[in-house]
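Residue strings, one per chain:
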Number of protein chains: 2
Amino acid sequence: MDRLTIIKVGGKVVEEPESLNALLDQFRKISGNKLLVHGGGRTATEIAKRLGIETKMVDGRRITDADMLEVVTMVYGGLVNKKIVAGLQARDMNAVGLTGADLGLIKAHKRPVQDVDYGFVGDVDDVNARELRMLIEENVIPVVAPLTHDARGQLLNTNADTIASELAIELSNYFKVYLFYCFEKRGVLTDPNDESSVIYDLDYKLFDQYKTEGVISEGMIPKLDNGFRAKAKGVQEILITNPENIATGRGTRLT
Amino acid sequence: MDRLTIIKVGGKVVEEPESLNALLDQFRKISGNKLLVHGGGRTATEIAKRLGIETKMVDGRRITDADMLEVVTMVYGGLVNKKIVAGLQARDMNAVGLTGADLGLIKAHKRPVQDVDYGFVGDVDDVNARELRMLIEENVIPVVAPLTHDARGQLLNTNADTIASELAIELSNYFKVYLFYCFEKRGVLTDPNDESSVIYDLDYKLFDQYKTEGVISEGMIPKLDNGFRAKAKGVQEILITNPENIATGRGTRLT
């Protein structure tokens, strides 16, 4: 099977021109098939504010009412996505920007209201990779925004880490998939203030222990849960790293 | 050659849920391959206003400074495009939303400043239909937003009528292309207040005469210029009509 590298990048990295350019330069160095999944939360929050729409978060997750859905559709599907696509085209990478609605890529259902009403947030049901595979095999680089649809016309806001792992799992049927979660730090750290405290190999037992001990904390937990799930479902390799190391492959490897 | 119908829809039609739904229902009835090009100017103007960005128009064309470019990228490439895509998916049509940057589809250059500085407005240089054709042949329905890129990382705002005719011309090398410009009226009218005054067959000589006499006025002139150019370059049929008649094929036919 051919190799496919899936890079998930969130946070400031894709939202500031300088760091985005640095990321795209690194991304270019990755050989073989590749796919990028991005976030855009900071820009969404800023645009929402300018439109007079209040951002509400619960446990780091965005409450997405109808107004906020319009904002994330504009920002993730339009502004952030197309800037990345244009930046890749400028580097001779033939990118195509997609949401989960495009090509029927990711079907989801609106999250049922339990303790919290997240609004138009989607939990993934199904990935249709048919046309996506075809594009990847034609050397096209998909750039995927964190939006899904319910196949009845409703767009939904979906966590980008989840989008990345669901795509990685489905595409593992056709490619040897390397999934890199890319953020500000060099990897999972035992001391968040010490960049040299990277855990290079992390297995589920150690993850569980670090969780119990509080060494690995909030934001990183769902990311690693996603990662271990992908690993269990046939994804070749999962790496947590920063933009500088996506080409070198250094960082925290899930084992 | 297979048939391909290209529908260009602008104005309110795609920007209000009811008329959009009606349009998509009609669009579904068209048999064979199809492609949709949309506008979104009213929404762009409204979002710009809410963001405190002033809309400036010259001869019906939007002046696109850096702030306005962000707005149209969000609105055309994100909000309007993804609503249409989700609406088509809900009707079992496998749509993919694209701008001219995606798949390197439409390369343009920034319009040189002459009498007017239009800002980040692009004039089309080149259409790359390679991957687009492949998608169409896989029964995918491209939904194209009126944005292009300069292949050096700059997105540009480009007139949707022009996008439609440029795509129609290029795709005429591979398909028998039917290009429909869809707007509020039943066709080109000799009396703008009388919907029964549709000119059913319009050749260039008659167009020229009506222009001189002032029967055909401002907004319609560049649309028809685009249409006659497409006709001269091998597009099978060009029709000016309203959403109700895209399936029946009634309206003004350029001959």
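Residues numbered from 1 in each chain as written. Chains lettered and ligands numbered in written order. Predicted model: local features only at pLDDT ≥ 70, side-chain atom pairs only at ≥ 80, totals over all residues. Heavy atoms only, no water.

Visitor: Pulling in residues and values, what's your account of the UniProt feature "binding site: substrate" (unreviewed entry) in chain A?
Guide: Residues and elements named next belong to chain A. Under the feature "binding site: substrate" (unreviewed entry), the UniProt entry names Gly40, Gly41, Arg62 and Asn157. These annotated residues cover 118 residues of sequence, and their C-alpha atoms lie no more than 11.7 Å from one another, placing them together at a single site. Aside from chain neighbours lying at most four places away, what touches glycine 40 is Glu15, Val75, Tyr76 and Val80. Looking at where glycine 41 falls in the secondary structure, it is placed in helix H2 (residues 41-50). A relative accessible area of 24% places glycine 41 in the partly exposed class. With residues up to four places along the chain from it excluded, the contact list for glycine 41 reads Glu15, Arg62 and Tyr76. (UniProt positions renumbered as here; feature names shortened; annotations may be inferred. Contact = heavy atoms within 4.5 Å. Helix = DSSP H or I, 4+ residues; strand = E, 2+ residues; numbered from the N terminus. Buried < 20%, exposed > 50% of the residue type's maximum accessible area, 1.4 Å probe, protein only.)

Visitor: Kindly report on the environment of proline 243 of chain B, identifying the contributing residues and their values.
Guide: Of note, proline 243 of chain B is situated in the loop between strand E13 (237-241) and strand E14 (252-254). Relative accessible area serves as the criterion here: at 10%, proline 243 of chain B is assigned to the buried category.

Visitor: Outline the sheet that holds E14 of chain B, supporting the account with residue identities and numerical values.
Guide: All names here are of chain B. Ordered by their spatial adjacency, 8 strands build an open sheet running E5-E8-E2-E1-E11-E13-E14-E12, and the pairing between neighbours is mixed. The two strands at the open ends of the sheet, each matched to only one other strand, are strand E5 (95-98) and strand E12 (201-202). Where strand E11 (residues 176-182) meets E13, 5 bridges bridge the pair, whose relative direction is parallel. Residue pairing across strands places leucine 179 opposite isoleucine 238, the latter belonging to E13. Across the face of the sheet, helix H3 (residues 66-90) comes into contact with strand E2 (33-38), E5 and strand E8 (141-144) while running at roughly 170° to E5. Here helix H7 (residues 220-232) sits on the sheet in contact with strand E1 (3-9), E11, E12, E13 and E14, set at roughly 160° to E13. (Pairing = 2+ DSSP bridges. Axes fitted to C-alpha atoms, helices over the stretch in contact; angles between N-to-C directions.)

Visitor: Outline the interface of chain A and chain B, listing residues and values.
Guide: Counting from both sides, the interface comprises 38 residues of chain A and, opposite them, 38 residues of chain B. When chain A packs against chain B, the two sides together hide about 3,200 Å² of surface, and 65% of this comes from carbon and sulfur. Taken together, chain A and chain B are joined by 6 salt bridges. Two residues, arginine 130 of chain A and glutamate 138 of chain B, come together in a salt bridge whose shortest N-O distance is 2.7 Å. Along the contact surface separating chain A from chain B lie 16 residue pairs in polar contact (both at pLDDT 80 or more). Residue assignment for the side of chain A that touches chain B shows that the elements contributing at least two residues are H2, helix H3 (66-90), strand E5 (95-98) and helix H4 (130-137) of chain A. Sorting elements by how many residues they give to the side of chain A that touches chain B places H3 of chain A first, with 13 residues. Among the residues forming the side of chain A that touches chain B, the class breakdown is 19 nonpolar, 10 polar and 9 charged. (Buried area = accessible area lost by both parts, 1.4 Å probe. Salt bridge = Lys/Arg side-chain N within 4 Å of Asp/Glu carboxyl O. Polar contact = N/O pair within 3.5 Å; in protein donor to acceptor, adjacent residues only side chain to side chain. Nonpolar A, V, L, I, M, F, W, Y, C, P; charged D, E, K, R; others polar.)

Visitor: Quick one: what's the story with the sheet that holds strand E1 (residues 3-9) of chain A, residue by residue and with numbers?
Guide: Residue and element names in this part refer to chain A. What the 8 strands build is an open sheet, ordered E5-E8-E2-E1-E11-E13-E14-E12; its pairing is mixed. Two strands in the sheet have a free side with no partner beyond their single neighbour: E5 and strand E12 (201-202). In this structure, E12 lies alongside strand E14 (residues 252-254), joined through 2 bridges in parallel fashion. The residue bridging leucine 202 from the neighbouring strand is leucine 254, located in E14. With respect to the sheet, H4 is in contact with E1, strand E2 (33-38), E5 and strand E8 (141-144), its orientation differing from that of E2 by roughly 125°. Helix-sheet contacts for helix H7 (residues 220-232) involve E1, strand E11 (176-182), E12, strand E13 (237-241) and E14, and the interaxial angle to E13 is about 160°.

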